[in-house]
Amino acid sequence: MDNTVVISTPPHVKSKRTTRRIMIDVVIALIPCAVMGIVYFGWRAAVTEIVSVLSCVASEFVYFFIANKGFSNKCANAAAVCKRWLKQFDFSSVVTGVILAMVLPSEVPWYAVLLGGIFAIALVKMLFGGTGKNLVAPSTAARVFMFLSFSAVMTSYSEPILGAIFPAEDLIQSSATSLSGLLNIKSEIYSQPTALMNVLDLFLGTGVAGCIGETSKAAIILGYIYLVARNVIKWWQPVLYLVVFGFFAVFMSGFGYLAGGSGYKFDMALFLPHIFSGGVAFASVFMFTDYVTSPKGAAAQAVFLVTAAVLTAVLRYFTGMEVVSFIVLLMNLLVPLFDKYLMRKPFGYKKQKKQKEAKQ
Amino acid sequence: MKAKKAKFYFGGIHPHDRKALSACAATETLPLPEILAISTQQSLGKPAEPVVAAGQCVKEGEIIARANGPVSSDVFASASGTVTEIKEETGANGSKETFIFIKTDGNGEKAFFPPLSSPSAEEIKERIKNCGIVGLGGAGFPTAVKVAPRTPVDTLIINGAECEPYLTCDYRLMLEKTDETVRGARYIAKALGVDNIIIGIEANNPDCIAAFEKNDIQPVILKRKYPMGGEKQLIYVTTGRKVGIGKLPADVGAVVQNVATCFAVCEAVELGKPLYERIITVSGKAIKSPKNLWVKVGTQIKDIINFCGGENFTPKKVVQGGPMTGVALGSYDHYTHKTTSGILLMTADEAAAEEPTPCLNCGKCADVCPMRLMPMNTAFYASAGDMDAAAKYGNTAACIECGACEYICPAKRPLIQAIRKTKAYLRDKNKRGDK
């Protein structure tokens, strides 16, 4: 035996899965959404996606280059720094870039996307310590930043190239108009009130004006299946969020009926339109399941998701806007509370507690 | 008895078990080495006190160090020969141990206890104590203490779940020495005064299950998962009882014994043979011919490696014990103990030696934790130096150090190291007695 053996604490075998592999899996899961975005919204969507990813990766590299010690030395041996950067590159900035592109309307100008990418990586992620240390999801924070900075363009959703299979005119006009009022979603957010649309159209994203990656629920479901199959996310997380959100949104819509003078009505016909409209489906699969910014332990995660779902439904009703990204940010900031107060009890804990009480 | 299915247990991991390397190798006996170095630290608790002096002749099975305190066990000469010296050396885990060096003479003169036929409970307990039997599953807790529980027990659980990857020593023992193991289990049951004997065997060993079904003890088929052989896990899946934190299995009326311990008890009772020999699995892709060997306690690892044909490839890691909980060795100059269950020579392909990357908070460590702890919190606070928070938010005191968290960690964080550091801090704190 020569002296090349490694001495460490156990375990001496480890799983082959690495952070990089997980991030690549997420990128793969996002491919259907990205492709459908280009199919529906054309070359502008492709530009947004490319600019977003490049901007995120480049900001990470520049930050890595500048922020580490010995900046002047590094300029001299840039090749070595590049090598080091590549070695630690874990694709998380690619994930951020793709997700950011997915939640933007295709009409957003390229310079805004570039700024968004820099904001996401440099300010939200790297300033707080890089991968795993960010307080909020970088892509969501960047979206909100862009929403506030470029509100005009961020709220003008363009029509997709592919029109609706079942145009809204075919639906019975009377009930449709009342539904749009009930949903209380302003037309500038959705150029077409989503409740006016057929569920199949909403599912496929045909004829739905919206963000690049959020309209095609079919693509999102493909990504969801891949992530679950690769054991990246837990299957129940998006399901729990969407089901709770759906029921609560239906419950809130009942008040819309009440305000409309037709009395409170728990209309389950609105269930699918609610969860298929806007960005909730995308957020449930790709945003609320983000490792860094969600609580740890199944119980804390479940409560976290239910709280997020209820808040989304309520705020959506009262604001008439797509509020999912704000909810994601808000919930991200609450994560430490969930972690602290909903920390699970170890195996055998209850027994001990009971015995203590018995003694007293 | 017909085998039953075990209860479901949460968490756990499914590592590549690589048992096929050595599973088919029938046990062989290692030729007597020239020099044996027997550590006085063969069990938990204080090391034993040497009772021989340099130059003294000893017989096989003669006591050479006497137990020191209640949680300690006697140590015996593994072969006849002459004691050459008694000196302190660095043991496999890095701590100082006292070794008794014996130059073997190959006479094979034995000094056993008289065999017992139809012994009483007291006689069995006495014999277990006298033969220095310790738990051979890995922890090395003296069996004599375990068979004298303070609370009444009603179930004896035999641990046949060899859930560690690579290791096949218990598997071979269960196959080759089924009757002796069953008899040993009955002796222990008699000492405890219980009738209910359960043996937990993993589902991937159907031949073992079939062998034990022929006897009157209850086999339970365990799901193939690591760590099903953990004491608390095994008790839960076989009986549905939960052992509280900081409690002993006896508090829920159960005692767990490893199959190898049962075999040792059988030999101690029927032959009067003290514990100085056991099966060791020599495996890994870097060893030429993986084997299951009967090895005397105190054999130098170099001798074992040479007997197995030496290195095939350059090993990346040399592990004493199982790959999940064993000790990584820096050289072949160490000596085996009563608790050594395996010697593994792992190639770079098998052994993990990656650099850690930042924690993602993915929570996979918590998902697989068989004790429902929060290893990521322990690691986080321990690396920041806040040991009290590490213990509080990670529930570290309840950790069984199975290593499942670190196995699954995609960032390859050194979680077990952080946990051990925190536990050492807690031990120190308890010693000081402050709050």
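These numbers were taken from a predicted model, which means no experiment stands behind them. (Residues numbered from 1 in each chain as written. Chains lettered and ligands numbered in written order. Predicted model: local features only at pLDDT ≥ 70, side-chain atom pairs only at ≥ 80, totals over all residues.)

Student: Would you explain the sheet that holds strand 2 (residues 28-29) of chain B in this entry?
Tutor: Sheet strands line up and pair through hydrogen bonds in the backbone, either parallel or antiparallel. All names here are of chain B. Spatially, six strands are ordered 2-15-14-18-16-17 in an open sheet, and the strand pairing comes out mixed. Two strands lie at the open edges of the sheet, namely strand 2 and strand 17 (327-329), each paired on one side alone. Where strand 16 (residues 317-320) lies against strand 17, three bridges are found, and the strand directions are antiparallel. Note on strand 17: the bridge partner recorded for Val318 is Leu329. (Pairing = 2+ DSSP bridges. Helix = DSSP H or I, 4+ residues; strand = E, 2+ residues; numbered from the N terminus.)

Student: Before we go on, may I ask you to explain the sheet that holds strand 5 (residues 57-58) of chain B in this structure?
Tutor: Residues and elements named next belong to chain B. Read from one edge to the other, the open sheet built from four strands follows the order 3-9-8-5, with strand pairing classed as antiparallel. The outermost strands of the open sheet, each flanked by one partner alone, are strand 3 (35-39) and strand 5. Pairing of strand 8 (residues 81-90) with strand 9 (residues 96-104), which is carried by nine bridges, proceeds in the antiparallel orientation. Directly across from Glu89, in strand 9, lies its bridge partner Glu97.

Student: In this structure, what is going on with the domain arrangement of chain B? I would like to understand it.
Tutor: You'll often see interface size given as the accessible area lost when the parts meet. Residues and elements named next belong to chain B. Looking at chain B, the domain boundaries give domain 1 (4-20 + 114-271) and domain 2 (364-432). For domain 1 and domain 2, the distance between their C-alpha centres works out to 28 Å. Each partner contributes residues to the interface: domain 1 has ten residues there, and domain 2 has eleven residues. Each residue belonging to the side of domain 1 that touches domain 2 can be placed in one class, and the counts come to five nonpolar, four polar and one charged. (Domains from an automatic or database assignment. Contact = placed C-beta atoms within 7 Å. Nonpolar A, V, L, I, M, F, W, Y, C, P; charged D, E, K, R; others polar.)

Student: Sorry, what's going on with the packing of helix 15 (residues 298-319) of chain A against helix 16 (residues 324-341) of chain A here?
Tutor: Each pair of packed helices gets described by two things: the angle between the helix axes and the distance between those axes. All names here are of chain A. Running from N to C, helix 15 and helix 16 point in directions that differ by 150 degrees, and their axes come no closer than 10 Å. At the point where helix 15 passes helix 16, the crossing takes the right-handed sense. Two secondary-structure elements touch here, helix 15 through Ala300, Val303, Phe304, Thr307, Ala308, Leu311, Thr312 and Leu315 and helix 16 through Val324, Ile327, Met331, Phe338 and Asp339. Within the contact of helix 15 with helix 16, the residues separate by chemical class into ten nonpolar, two polar and one charged. (Axes fitted to C-alpha atoms, helices over the stretch in contact; angles between N-to-C directions. Left-handed = near helix turned anticlockwise from the far one by under 90°.)

Student: Hey, could you run me through the interface of chain A and chain B in this one?
Tutor: Facing the 37 residues of chain A at the interface are 54 residues of chain B. A per-element tally of the side of chain A that touches chain B places helix 17 (residues 349-359) of chain A first, with four residues.

Student: How do you make sense of helix 15 of chain A when you look at a structure like this?
Tutor: Residue and element names in this part refer to chain A. The end-to-end C-alpha separation of helix 15 is 31 Å, in line with the 32 Å expected for 22 residues at 1.5 Å each. What helix 15 keeps buried is the set Ala300, Gln301, Phe304, Leu305, Ala308, Ala309, Thr312, Ala313, Arg316 and Tyr317. On its buried side, helix 15 packs onto helix 12 (236-259), helix 14 (280-287) and helix 16. (Expected span 1.5 Å × (residues − 1). Buried ≥ 20, exposed ≤ 12 C-beta atoms within 10 Å, placed from the backbone.)

Student: What exactly am I supposed to notice about unusual backbone geometry here?
Tutor: Most peptide bonds take the trans configuration, and most residues that are not glycine carry a negative phi. For the bond running from Pro10 of chain A to Pro11 of chain A, omega is -5 degrees, close enough to zero to count as cis. Mapped onto the elements, Pro11 of chain A comes out in the segment before helix 1 (19-41). Cis geometry marks the peptide bond from Tyr226 of chain B to Pro227 of chain B, where omega comes out at 0 degrees. For Pro227 of chain B, the location among the structural elements is in the loop between strand 12 (218-222) and helix 7 (231-239). Even without a glycine there, the phi angle at Asn231 of chain A is positive, about 60 degrees. Take Asn231 of chain A: it is sitting in the loop between helix 11 (217-229) and helix 12. For Asn231 of chain A, a count of 13 C-beta atoms within 10 Å translates into the label partly exposed.

Student: Whenever I open this one, the domain arrangement of chain A confuses me. Can you help?
Tutor: All names here are of chain A. When its domains are assigned, chain A resolves into domain 1 (19-154) and domain 2 (180-207 + 233-341). The C-alpha centroid of domain 2 is placed 26 Å from the C-alpha centroid of domain 1. In this assembly, 14 residues from domain 1 lie in contact with 14 residues from domain 2. Of all the secondary structure elements, the ones that give two or more residues to the side of domain 1 that touches domain 2 are helix 1, helix 5 (92-102) and helix 7 (138-149). Here the side of domain 1 that touches domain 2 gets four residues from one element, more than from any other, and that element is helix 7. In the side of domain 1 that touches domain 2, the residues fall into ten nonpolar, three polar and one charged.

Student: Quick question: what am I supposed to make of the nonpolar core here?
Tutor: In a soluble, globular protein the nonpolar side chains are often hidden away together inside. In terms of nonpolar packing, the biggest core is built from 140 residues, with Ile188 and Val265 of chain B touching the most fellow members. Ranked by residues supplied to this core, first place goes to helix 8 (residues 259-270) of chain B with nine residues. Built from parts of two domains, this core gets at least three residues from each of domain 1 (4-20 + 114-271) and domain 2 (364-432) of chain B. If we ignore the near neighbours within four places in the chain, the residues touching Val265 of chain B are Ile128, Ile133, Gly184, Tyr187 and Ile188 of chain B. The next biggest cluster of nonpolar side chains, apart from the first, holds 81 residues, and it includes Cys56, Tyr157, Phe276 and Ala281 of chain A. (Core = buried A, V, L, I, M, F, W, Y, C linked by C-beta atoms within 7 Å.)

Student: So what exactly am I meant to see when it comes to the environment of Lys296 of chain B here?
Tutor: Residues and elements named next belong to chain B. Structurally, the position occupied by Lys296 is in strand 15 (residues 291-296). Taking the C-alpha atoms as reference, Lys296 lies 27 Å from Pro119; in sequence the two are 177 residues apart. Every residue in contact with Lys296, bar those within four places of it in the chain, is listed here: Leu36, Ser78, Ala79, Tyr276 and Glu277.

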